[in-house]
Structures are given as structure tokens and as C-alpha cells.
Amino acid sequence: MSIFCLGVNHNTAPVEIRERLAFAESAIPRHLDEIRDLEAVEEAVVLSTCNRVEIYGAADQPGEALDRLVEYLISHFEVNDGDVEFYRHEEEAAAHHLFEVASGLDSMVLGETEIFGQIKKAYSTAQTNGATSRRMNKLFQQSFSVGKRVRTSTRIQQGSTSIGSAAVDLAEKIFGQLDGCRVLVLGAGEMGRVTAQSLKSRGAKSIAVSNRSFDKAEALADELEGKAVPFEAWTDMLDQVDIVISSTGAPGSIVKKADVAKALKRRRGHSLFLIDIAVPRDIDNEVNDLDNVYLYNIDQLQRIADAGVAQRQKQIEICRGVIQEFLNEKGIEALASVPVDHPERGAGTDSQSS
Amino acid sequence: MDKIYLILATLIFLGGFVLAVLALRTGKHGTGRLNVGLAVAGLVFQCLFLKERGDLHMRCPITNGAEVLVFISWSIVILYLALGRAFRLSLLGVFSMPLVFVFQSIAIISLLINDPGARPPETLDPWLEMHAAMSLLAYGAFGLAGIAGVMDLILDRQLKSHEPGRLFYSLPPMKYLYDAMQRLIVIGCGLLTIGIVSAFFMDYHPTALHWMVTGAVWLVYMAIFVVNLLRGLRPKALSKLSIAAFAFALIALSVL
């Protein structure tokens with residue numbers, strides 16, 4: 001029995017096609033039954049995320065199974081045959097593809113980790129619904145091992161890939177975990193909101209928002225579950241916060257070196273991280289000269305993000321080497337060594353815990 | 001055989017350092033466990049060296065400068081292995097290895113040129129043993145604080161320059177380094193205090209110079225501890241003080 005993979009992803013299909021092919025989460029068990037009722041398909045796992053729709057499976061005649069699957073998808077999701085081109089992989093190529101996906105090499109944000117959890121969930125759903133047996137169980141267990149190995153033995157996750165993630169990574173490099181960090185947002189613009197959201201998602205708890213228009217400050221504070229501060233009062237908070245995100249529309253700098261120096265005296269050695277994403281800049285550049293104060297503007301954050309993306313791209317070949325090494329060690333040969341059998345439909349009997 | 005053990009330990013620490021640098025340069029990760037393994041292997045050979053020397057002298061093997069350097073190196077390694085993970089400072093070992101390598105290389109050269117041989121005591125004084133051992137363990141803690149200070153200054157420079165280098169992503173956060181420096185200084189002060197108190201009970205009476213030097217080192221570190229406690233030293237200031245104080249402590253030790 002051979003393994004195969006059929007799918008589309010963000011590189012091969014536009015969002016208009018991906019959204020039509022997307023499997024509703026609640027309907028996946030039914031689809032799994034229907035796919036396994038197709039002639040030649042013995043096992044199946046459906047991986048459906050916003051960036052990809054893929055079906056992994058096992059069959060005695062993989063070519064025939066792939067043809068049946070294409071017919072099924074086209075008829076079921078009502079796409080025109082010419083509108084979509086599925087990629088097809090068999091045997092080692094299919095395993096290699098899944099291992100790359102699990103390692104984040106095929107993701108829109110190279111090296112991201114969310115896909116790993118999505119694959120685990122897809123496998124778990126298939127396993128729970130009896131759609132997997134020996135080959136899929138073995139393949140997916142191996143993909144989890146490879147994904148972990150790639151992430152721990154390479155730098156594919158290292159470096160920031162966006163302005164928001166660069167700001168968060170820098171904050172973590174200064175403060176460690178962000179759960180005790182207090183954040184002050186100056187301005188109620190979109191960039192400030194997105195950056196504050198990123199910090200909040202990583203644990204920052206206390207968020208204060210200050211804006212010339214107090215109503216807008218209150219609205220953003222509500223969204224961030226923080227508090228609004230009158231614009232005249234934000235300087236008094238400088239000694240109480242760890243991170244300042246500034247994105248006002250002020251024509252000149254509003255955060256002066258003297259204000260920060262004064263606040264530092266009351267901070268008992270605690271560091272201060274200033275993120276200036278406003279253009280024109282809100283924070284005096286000389287503030288960075290103060291000990292224990294780290295100021296980054298939008299260009300500097302963008303450069304870090306660009307360098308992070310470039311660094312991750314350099315890691316692709318190293319990651320592929322790790323995957324190939326794994327396949328050479330115990331990959332497809334181990335899968336191929338599984339005796340050909342025709343498991344009872346619905347019998348995912350030899351599953352291993354993930 | 002003792003020197004062979006010491007050479008093997010030294011080569012292992014050099015190997016660990018080279019491996020870590022290569023991993024950082026090539027982008028290969030996952031060498032952390034191997035580095036800890038190498039540190040443990042190096043520690044085993046250090047222990048074997050110290051045991052052989054202890055058997056030779058029939059007391060704690062800190063009878064000459066070379067043995068003192070090895071004992072400090074041993075303290076640094078054992079404290080790193082004991083505390084590095086708790087302080088979330090995996091890279092501390094990588095930064096410790098060059099210092100340990102230098103200390104032990106000096107010890108090897110010194111012993112190969114002139115090994116003073118056995119120096120058994122006329123009578124074994126446990127207070128003397130306690131004084132020497134605790135004081136040198138304190139040096140291990142101070143050494144690690146200095147190494148954490150170096151790491152903090154590197155990180156500070158990279159953050160200030162806005163151009164994170166290769167090391168940047170491997171270094172621990174500044175807060176962890178700052179916390180580690182504070183804790184290591186407290187641990188070192190505690191150990192050194194025990195060492196000094198032990199000296200009052202020794203049969204052998206230390207010279208005035210010995211008291212002055214030991215007291216000066218204790219005072220320097222206590223001053224850092226108290227000022228930090230009362231006023232809260234900034235991380236950069238604490239890093240510089242940790243490095244300078246350890247350099248001073250080493251010079252003071254060489255005077256003895």
C-alpha cells in the first residue's frame with residue numbers, strides 16, 4: 001500500500017479557490033467517511049487551514065485514488081476543473097511534503113508553529129473517526145518527530161518576521177516573560193493597536209492608552225482590556241510602565257529625553273523599552289543614549305523583520321537536510337516495511353498516542 | 001595521572017566551547033544537551049584530578065596556585081550545572097568554558113613546569129579546610145556573576161546598536177541575567193562570609209595581609225550587594241561592577 005497527498009496551498013491557489021475548497025471543521029468526519037468510501041482510498045487525513053487544503057491517504061493504487069479524490073473535490077465543492085490545479089505526491093515525496101509542512105517550511109510565515117498544532121488536530125480527528133490505520137498513523141507520528149527535530153536543531157523559528165513580532169521579540173529579550181510587563185500606548189492608531197495586541201497575546205497584562213481624543217483612547221483601551229489615560233497625564237506614567245508604544249500623528253517629538261531621564265530616576269534600575277512607530281517620529285532619538293533605555297523606530301523594526309525573514313530562508317536547506325536525514329534513517333523505508341493489509345473500515349487499531 | 005585528568009578536563013571544556021561557537025556560526029541548534037554533557041564530563045575529570053591531589057596531600061587540594069585555579073574552575077562548573085537551568089541561563093556554560101579553559105591551562109603549565117608535590121599537613125584542621133573551600137566556592141559564584149555581566153553587556157550593546165547579531169537570539173533575556181548576577185553575588189557573599197567566619201576558628205593564624213585581602217574582597221561584594229538592595233543598580237552598572245569586582249578578586253587572590 002502506498003501513501004499519497006493531494007492539495008492546494010497559498011502558493012498554488014488564490015484565496016478565492018482555497019476558501020471554496022475549505023472543509024468546515026464540523027463536517028470533516030462526514031467528509032472522511034465519504035473519502036474512504038471512494039474506490040481505492042483506504043486511509044485518509046484532511047488538513048484544512050486558511051493557507052492549505054490537503055488530503056493525505058493510503059491506497060493500493062495511489063494514482064487511481066488521487067483521480068477519484070480530484071473528482072470528489074471538484075464535484076463536492078463545485079469548482080471548475082480548469083480553475084484549480086492540485087499538487088499530487090506519492091510515497092517518499094508525500095512523506096517529504098508532510099514533513100516540510102509540519103516543520104513550517106511550507107507556511108506563509110516561514111517556520112511558524114501553528115501548523116504543527118493544526119496537523120495534530122487533523123490527525124486526531126481522522127484517528128477518532130477511524131479513518132487512519134497503520135500507514136497514516138506511522139506517517140503522522142513521524143511527521144511530529146521530524147517537526148520537533150527540525151525546530152530544535154535549526155534556527156527556522158529564530159528571528160522576527162514582522163514589525164509586531166520584532167517588537168515582541170525585543171521586549172522578551174529585555175524583560176523575559178511579558179506577563180508582568182506594563183504597557184503604555186500613545187496614540188490610538190492601527191499600528192499601535194496591532195503592536196499592543198501582539199504584546200497582550202504574549203502576556204502583557206496592564207495596558208494604558210493615551211490619545212489627544214480621549215474617546216478614541218477609551219475605545220482602544222476597552223478593546224485591549226486596559227485603561228484610558230488623559231493625554232496631559234501620560235508623562236506621569238513613564239516611571240510605572242515597562243514598554244511605551246508611540247504612534248501619534250504629532251508633527252514633532254512628544255517624548256523628550258528630559259522626561260525619560262526624570263522617570264528613570266524613579267525606576268530603580270528597571271529597563272524601559274520604547275517603540276516609536278510614528279512618522280514623523282514621536283520620540284527624541286537621543287533617548288536611546290540613556291542607560292537602560294532601548295528605543296526602536298519603525299525602520300529599525302522593519303530591518304530586524306527583514307533580517308529575520310532572510311535568516312529563516314537561509315535555514316530552509318538545513319531543515320531539508322534534517323528531513324532527508326530522517327527519511328534516510330527511518331522514514332519511508334519504515335513506512336514501506338509495514339505489511340500490506342486491508343484494515344477494516346473504521347478500525348484505527350494501532351494508533352500511537354501523539 | 002592527575003595531570004592527565006586535568007588535561008582531559010581542559011580539552012573537553014575547549015571542545016565544548018568550540019562546538020558552541022561553531023553551532024552559533026552555522027546556525028545549527030540543539031547542541032545544548034551535548035554542551036551540558038561535555039560540562040559534566042569535564043567535571044568528572046576535574047573531580048578525578050582533585051581526588052588524586054587530595055590523596056597526595058591528604059587534605060583539600062588547594063595547596064598551590066595551580067590547584068586553587070582548578071578548584072575555582074570546578075566551582076564555576078558545578079555552580080553552572082546546579083544553577084544555570086534554574087536561572088534559565090543555558091548559554092552561561094558556553095561563556096564559562098573559555099574562562100575555565102584559561103584557568104586550567106595556566107594550572108597545567110604551572111604543574112608541568114614545577115609541581116611542588118605532596119604537602120601533607122602536620123595536623124588536619126577542618127576549619128582551615130572549610131575556610132579555603134568556602135572561599136573558593138564563593139570565587140566560583142563571583143566568576144559566574146562576572147560571566148553573566150559580560151553576557152549582559154554584549155546584549156545591551158546589540159540592543160543599543162539596533163543590529164542584533166548572531167549571538168543575540170541565543171543570549172538569555174536581560175532580566176534573567178540581571179537576576180542571576182544578583183543571586184550569584186548573594187550566594188558568593190554568603191559562602192565567603194562562611195569562609196571568613198571559619199578562619200576565626202582555625203589553629204593556623206592567617207597573616208595580616210591574608211585578612212586584609214580577604215576582607216577587601218568581602219567588602220567590595222557586600223558594598224555591591226547593599227547598594228543594589230538599597231538603591232537598585234541599573235543592569236549595566238551591575239554588570240560592570242560584577243566584572244570589575246571579579247577581576248579585583250582574582251588580583252587579590254594572586255597576592256596571597
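Every value quoted in this text rests on a predicted model; they were computed, and no experiment measured them.

Trainee: What exactly am I supposed to notice about the pairing of strand S1 (residues 2-9) of chain A here?
Mentor: Across a regular strand the side chains alternate sides, sitting on one face of the sheet and then on the other. All names here are of chain A. For S1, the buried fraction is high: 6 of the 8 residues fall into the buried class. Pairing between S1 and strand S3 (residues 52-59): 8 bridges, direction antiparallel. Counterpart to Ser-2 in the pairing with S3 is Ala-59. Inspection of the sheet shows S1 paired to strand S4 (residues 87-90) by 4 bridges, in the antiparallel sense. Bridged to Phe-4 within S4 is Glu-90.

Trainee: Got a minute to help me understand the nonpolar core in this structure?
Mentor: Nonpolar side chains in soluble globular proteins tend to be buried together. Counting 122 residues, the largest nonpolar core has A:Ala171, A:Val183, A:Val209, A:Ile243, A:Leu274, B:Leu144 and B:Ala148 as the members making the most contacts within it. Ranked by the residues each element gives to this core, the list is headed by helix H5 (residues 126-161) of chain B, at 16 residues. Ignoring any residue separated from it by four or fewer positions in sequence, one finds B:Leu144 in contact with B:Ile76, B:Leu79, B:Tyr80, B:Leu92, B:Ser96 and B:Leu184. If you look at the next biggest cluster of nonpolar residues, it comprises 50 residues, including A:Val45, A:Ala131, A:Leu139 and A:Phe140.

Trainee: Teacher, can you tell me more about the sheet that holds S1(A) here?
Mentor: Where strands meet in a sheet, backbone hydrogen bonds hold them as pairs that are either parallel or antiparallel. All names here are of chain A. As summarised here, the arrangement of the 4 strands in space is S2-S3-S1-S4, forming an open sheet in which the pairing is antiparallel. The open sheet is flanked by strand S2 (43-48) and S4, the only strands paired with a single partner. Between one strand axis and the next, the sheet turns by 15 degrees as a mean value, whatever way the strands run. Across 6 bridges, the pairing between S2 and S3 is antiparallel.

Trainee: Would you mind going over the confidence of the model for chain A with me for this structure?
Mentor: Keep in mind that low pLDDT regions are not for reading the predicted coordinates in detail. Considering every residue of chain A, the mean pLDDT works out to 88; 93% of them sit at 70 or more. Within the model, the stretch residues 337-354 of chain A combines pLDDT values under 50 with 26 contacts to residues more than four positions away or in other chains.

Trainee: Would you take a moment to explain the domain arrangement of chain B for this structure?
Mentor: Buried accessible area, meaning the area lost when the parts come together, often serves as the stated size of an interface. Residues and elements named next belong to chain B. When the domains of chain B are assigned, the result is domain 1 (1-124) and domain 2 (125-256). Each of domain 1 and domain 2 was reduced to a C-alpha centroid, and the two centroids are 19 Å apart. Each partner contributes residues to the interface: domain 1 has 22 residues there, and domain 2 has 26 residues. Listed by contribution, the elements that provide at least two residues to the side of domain 1 that touches domain 2 are helix H1 (2-26), helix H3 (65-83) and helix H4 (92-113). Counting residues per element, the side of domain 1 that touches domain 2 draws most heavily on H3, which supplies 7 residues.

Trainee: I'm lost on the interface of chain B and chain A in this one. Help?
Mentor: Between chain B and chain A, the contact holds 18 residues from the first and 23 residues from the second. Secondary structure elements with two or more residues in the side of chain B that touches chain A: H5, helix H6 (174-199) and helix H8 (235-255) of chain B. If one sorts the elements of the side of chain B that touches chain A by residue count, H6(B) sits on top with 3 residues.

Trainee: I tried to follow unusual backbone geometry on my own but got confused; where do I start?
Mentor: Backbone geometry follows two general trends: most residues other than glycine have a negative phi, and most peptide bonds adopt the trans configuration. All names here are of chain A. In the segment running from Val-279 into Pro-280, the intervening peptide bond is cis, with an omega of 0 degrees. Here Pro-280 is to be found in the loop between strand S9 (272-276) and strand S10 (293-297). Here the phi dihedral of Ala-40 falls at roughly 85 degrees; this positive angle occurs in a residue that is not glycine. Its location among the elements puts Ala-40 in the loop between helix H2 (28-37) and S2. Of note, Asn-292 is a non-glycine position whose phi angle comes to about 75 degrees, a positive value.

Reading the values: rules and limits
Residues numbered from 1 in each chain as written. Chains lettered and ligands numbered in written order. Predicted model: local features only at pLDDT ≥ 70, side-chain atom pairs only at ≥ 80, totals over all residues. Buried ≥ 20, exposed ≤ 12 C-beta atoms within 10 Å, placed from the backbone. Helix = DSSP H or I, 4+ residues; strand = E, 2+ residues; numbered from the N terminus. Pairing = 2+ DSSP bridges. Core = buried A, V, L, I, M, F, W, Y, C linked by C-beta atoms within 7 Å. Contact = placed C-beta atoms within 7 Å. Axes fitted to C-alpha atoms, helices over the stretch in contact; angles between N-to-C directions. pLDDT = per-residue confidence, 0-100. Domains from an automatic or database assignment.

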